[in-house]
Amino acid sequence: ESSKSYGRSEWREDLKRVLRKAGGDAKPCVFLFSDTQIKDEAFVEDINNLLNAGEVPNMFPSDEKMSVLEQVRPRAAKLGLETPLELWGYFVGQCKYYLHVVLAFSPIGNAFRERLRQNPSLVN
């Protein structure tokens, strides 16, 4: 639930928390996002990236990214994955598998059509 003071930094922290749970802990998660929660169009762009690639570019700073890699290392090692690139790919794959994004957008009005035009992964 977002409040009036909810901004990009809080959004990114919440998204990171969900990604760590899904990809890092390998726990099934549902991320429900309603159009009434859009305080910034960057939120929709992040969801578009997440749906398109399984990750949001530059979401994790280097230190947090290393923490994520250490979080998945034990499970990834069982598959023979060791390099940072392989570990990150494993994390993204786990996010794709365990995270389910549910969008609740009203189709009424121009905002819906414009968001779909600008963020094509929302439709797929």
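Above this text is the structure in question.
So, a few notes on the structure that sits alongside this text. The model shown is predicted, which means the values in this text are computed figures rather than measured ones.

Analysis parameters
Throughout this document, residue positions are counted from 1 along each chain, in the order its sequence is written. A pLDDT threshold of at least 70 governs which residues receive local features in this predicted model, and a stricter bar of 80 or more applies before side-chain atom pairs are shown or counted, although totals over entire chains, interfaces and linings include all residues. No hydrogens and no water enter the side-chain calculation; it runs on all heavy atoms of the structure. Like charges within 9 Å and nonpolar side chains (Val, Leu, Ile, Met, Phe, Trp, Tyr) within 5 Å are joined into patches, using only residues over 30% in relative accessible area that form no salt bridge. Surface exposure here means Shrake-Rupley accessible area, sampled with a 1.4 Å probe, where a residue is shielded only by the protein chains that are shown. Should a side-chain nitrogen of Lys or Arg be within 4 Å of a carboxyl oxygen of Asp or Glu, the pair is scored as a salt bridge. Strands are runs of DSSP state E lasting at least 2 residues, helices are runs of H or I lasting at least 4, and numbering of each runs from the N terminus. Working definition: with a 1.4 Å probe on protein chains only, accessible area under 20% of the residue-type maximum means buried, over 50% means exposed, and in between means partly exposed. Residue count minus one, scaled by 1.5 Å, sets the expected span of a helix. Note on contacts: a residue pair is in contact if any heavy atoms of the two residues lie within 4.5 Å. Contacts described as polar in this section are N or O atom pairs within 3.5 Å, which, within protein, must combine one atom able to donate a hydrogen with one able to accept it, while residues neighboring in sequence count only if both atoms come from side chains. Think of it this way: a Phe, Tyr or Trp ring, Trp meaning its six-membered ring, pairs with another when their centres are within 6.5 Å, and the plane angle makes it stacked under 30 degrees, edge-to-face over 60, tilted otherwise.

**Observations regarding a nonpolar patch on the surface**
Here is step 1 of the chain: Taken together, the side chains of Val-30, Leu-32 and Val-102 make up a nonpolar region of the molecular surface, amounting to roughly 280 Å² of accessible area.
Here is step 2 of the chain: For Val-30, the position within the fold is in strand 1 (residues 29-34).
Here is step 3 of the chain: Looking at Val-30, the relative accessible area reads 61%, which means it is exposed.

**Points about helix 2 (residues 41-53)**
Here is step 1 of the chain: Between its first and last C-alpha, helix 2 extends 18 Å over 13 residues, near the 18 Å set by a 1.5 Å rise per residue.
Here is step 2 of the chain: Among the residues making up helix 2, those that are buried are Ala-42, Phe-43, Val-44, Asp-46, Ile-47, Asn-48 and Leu-50.
Here is step 3 of the chain: Where helix 2 is buried, its residues touch helix 1 (8-24), strand 1, strand 2 (99-104) and helix 5 (110-118).
Here is step 4 of the chain: Where helix 2 starts, the residue carrying a side-chain oxygen 2.9 Å from the main-chain nitrogen of Ala-42 turns out to be Asp-40.

**Some thoughts on the packing of aromatic side chains**
Here is step 1 of the chain: Applying the stated criterion across every chain, the model contains 10 aromatic pairs.
Here is step 2 of the chain: Centroid distance Trp-11 to Phe-31: 5.8 Å. Interplanar angle 65 degrees. Geometry classified as edge-to-face. Placement of the pair is Trp-11 in helix 1 and Phe-31 in strand 1, with a sequence separation of 20 residues. Like Trp-11, the residue Phe-31 is buried in the burial classification.
Here is step 3 of the chain: Here the aromatic residues Tyr-6, Trp-11, Phe-31, Phe-33, Phe-43 and Phe-105 are joined through ring pairs into a cluster of three or more.

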